[in-house]
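The chain contents come next:
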Amino acid sequence: MANISNANGKLNCKVYCETENEARYFLSNLREYLRFGEYAAFMSDEIEISKVNGENGIYLISTDFEGCGRWVFDENIQRWFGSWSKSASTKRFVNEIERYRFDICFDFVDFECGLRTFYHEVAVVQHKAGTPLNENNIRVESVEDIDINAQNLIDNGYEGEVDYMFPEKTEEK
């Protein structure tokens, strides 16, 4: 059985399209695609969409997300936009996503307590319109290990893990 990691962070996307409605359409397909399956990401309902000043046909999308990964969340990115990109269940979302040129930046913290993995990563996916998702340029911009201690867990949104990892810190009266 694989260990499940818990990730949270920011998803920033630049999509090349003509209208805000088209950007929202792209986002709705991306949202459905990323939340499909056992290892998924769920975007916040609070989404910012804006047109890039001085540029025609470029929209910026920004939202928070939470996700879970098999061992680590980075594996999801490699699968969604690489080898695993199209299954019978996700084909319709993938077909719509593939129509667009886009850049997606995943800026997240990921924690998996079983292997004591705790890190911050920034990964970028670049896609050319009309090409299959498995032909993306995926690059990890940075990875930084985070010390596993109660304060770092709290600071990064893993309050519930403090009780599990550091029970002596929670038994104070």
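Keep in mind that what you see is a predicted model, and the values were worked out from it rather than measured. (Residues numbered from 1 in each chain as written. Predicted model: local features only at pLDDT ≥ 70, side-chain atom pairs only at ≥ 80, totals over all residues. Heavy atoms only, no water.)

Counting its regular elements, the protein contains six helices and six strands. Taken from the N to the C terminus, the helices and strands of the protein come in the order β-α-β-β-α-α-β-β-β-α-α-α. Overall size of the protein, expressed as C-alpha extent along the three principal axes, is 60 × 35 × 25 Å. In the protein, which comprises 173 residues, the share counted as buried stands at 44%. Taking the intrachain contacts of the protein between residues at least 6 apart in sequence as the baseline, contacts between residues at least 24 apart amount to 66%. Only carbon and sulfur atoms are counted for the fraction: they give 44% of the accessible area of the protein, which is about 9,500 Å². (Helix = DSSP H or I, 4+ residues; strand = E, 2+ residues; numbered from the N terminus. Buried < 20%, exposed > 50% of the residue type's maximum accessible area, 1.4 Å probe, protein only. Contact = heavy atoms within 4.5 Å. Areas by Shrake-Rupley, 256 points an atom, 1.4 Å probe, with all protein chains shown as cover.)

A separate point is the pairing of strand β2 (residues 41-51). Sheet analysis places β2 next to strand β3 (residues 58-70), joined by eight bridges and oriented antiparallel. Bridge pairing in β3 places Ala41 opposite Gly67. (Pairing = 2+ DSSP bridges.)

As a further point, take the packing of aromatic side chains. Two numbers describe a pair of aromatic rings. These are the distance of the centres and the angle of the planes. If you walk through the whole model with that rule in mind, you get 16 aromatic pairs. A ring pair is formed by Tyr33 and Phe81, whose centres lie 6.4 Å apart and whose planes are at 80°; its orientation type is edge-to-face. One end of the pair, Tyr33, is in helix α1 (residues 20-34); the other, Phe81, is in helix α2 (residues 74-83), and 48 residues separate them in sequence. Tyr33 sits in the buried class, given a relative accessible area of 0%. Among the residues examined, Phe81 registers a relative accessible area of 1% and is labelled buried. Residues Phe108 and Tyr119 carry aromatic rings whose centres are separated by 6.0 Å and whose planes lie at 75° to one another, so their mutual orientation is edge-to-face. Here Tyr119 lies in strand β5 (residues 117-127) and Phe108 lies in strand β4 (residues 101-112), a separation of 11 residues in the sequence. The two residues Phe108 and Tyr119 agree in class, both being buried. Cluster of aromatic residues (ring-pair linked, three or more members): Phe26, Tyr33, Phe65, Phe73, Trp80, Phe81, Tyr100, Phe102, Phe106, Phe108 and Tyr119. Sitting over the face of the ring of Tyr16, Arg101 holds its NZ or CZ atom 3.9 Å from the ring centroid. (Phe/Tyr/Trp six-rings, centres within 6.5 Å; stacked < 30°, edge-to-face > 60°. Lys NZ or Arg CZ within 6 Å of the ring centre and 35° of its normal.)

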